[in-house]
Amino acid sequence: MVLRDAGKQDGYCLNSASEYYFWRFINSNPRLRNCNLVLLDNGNLRAVWKDGKGTHLGLQFLSDGMIQSVIFKQRAVGQQPSRVAGRDTLDGIKRQIDAFDLASLVYE
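Treat the numbers as computed from the prediction; the structure is a model and nothing was measured.

*Asks:* Go over the packing of aromatic side chains with me, naming the residues and quoting the values.
*Replies:* A full pass over the atoms with the stated rule returns five aromatic pairs. Taking the centre distance of 5.1 Å and the plane angle of 70° together, the rings of Phe-22 and Trp-23 count as edge-to-face. According to the relative accessible area criterion, Trp-23 is partly exposed, its value standing at 37%. Members of the aromatic cluster, joined through ring pairs, are Phe-22, Trp-23, Phe-25, Trp-49 and Phe-61. A cation sits over an aromatic face here: Arg-83 above Phe-72, 5.4 Å from the ring centre.

*Asks:* Tell me about the pairing of strand 4 (residues 67–73), and name the residues and values.
*Replies:* A one-sided burial pattern is seen for strand 4, the buried positions being Ile-67, Ser-69, Ile-71 and Lys-73 and the unburied ones Gln-68, Val-70 and Phe-72. Pairing of strand 3 (residues 56–61) with strand 4 involves six bridges; the strand directions are antiparallel. For Gly-58, the partnering residue across the bridge sits in strand 4 and is Val-70. Here strand 3 folds back onto strand 4 in antiparallel fashion, the turn holding five residues, of which Gly-65 has a positive phi close to 90°. Here strand 4 pairs with strand 5 (residues 82–88) via seven bridges, running antiparallel. Bridge pairing in strand 5 places Phe-72 opposite Arg-83.

*Asks:* How would you explain the nonpolar core if you had to name every residue and give the values?
*Replies:* Ranked by internal contacts, the top residues of the largest apolar core, which has 22 residues, are Phe-25, Trp-49, Leu-57, Leu-59, Phe-61, Leu-102 and Val-106. Secondary structure elements with two or more residues in this core: helix 2 (16–27), strand 2 (45–50), strand 3, strand 4, helix 3 (90–99) and helix 4 (103–106). The residues touching Phe-61, leaving out its near neighbours within four places in the chain, are Ser-18, Tyr-21, Phe-22, Phe-25, Asn-44, Leu-45, Ala-47, Met-66 and Ile-67.

Calculation criteria
- Residues numbered from 1 in each chain as written.
- Predicted model: local features only at pLDDT ≥ 70, side-chain atom pairs only at ≥ 80, totals over all residues.
- Heavy atoms only, no water.
- Phe/Tyr/Trp six-rings, centres within 6.5 Å; stacked < 30°, edge-to-face > 60°.
- Buried < 20%, exposed > 50% of the residue type's maximum accessible area, 1.4 Å probe, protein only.
- Lys NZ or Arg CZ within 6 Å of the ring centre and 35° of its normal.
- Helix = DSSP H or I, 4+ residues; strand = E, 2+ residues; numbered from the N terminus.
- Pairing = 2+ DSSP bridges.
- Core = buried A, V, L, I, M, F, W, Y, C linked by side-chain atoms within 4.5 Å.
- Contact = heavy atoms within 4.5 Å.

This is how it looks when you write it as structure tokens:
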């Protein structure tokens, strides 16, 4: 993984548990759109999808199998986006993607 090598050069170590849960998420969703993938200072991976209109989904893959999420959902032009953050399981994150109508942002 390119991020592992780049992180080593910058003094960061990729958390193998975070990587495992990232790949588990990726492999459970064959129709995922490309995302921005970041190696955080704490060694965790964070995937981010944005649409340029204020809608945003950020997922940090934690060592304990939980996924920390940040959701900004733009519901109407000119209004502030709804903002939600928390931790959930893989299945719970999939339900949140459905509940916030983020399927077109995340899936092809």
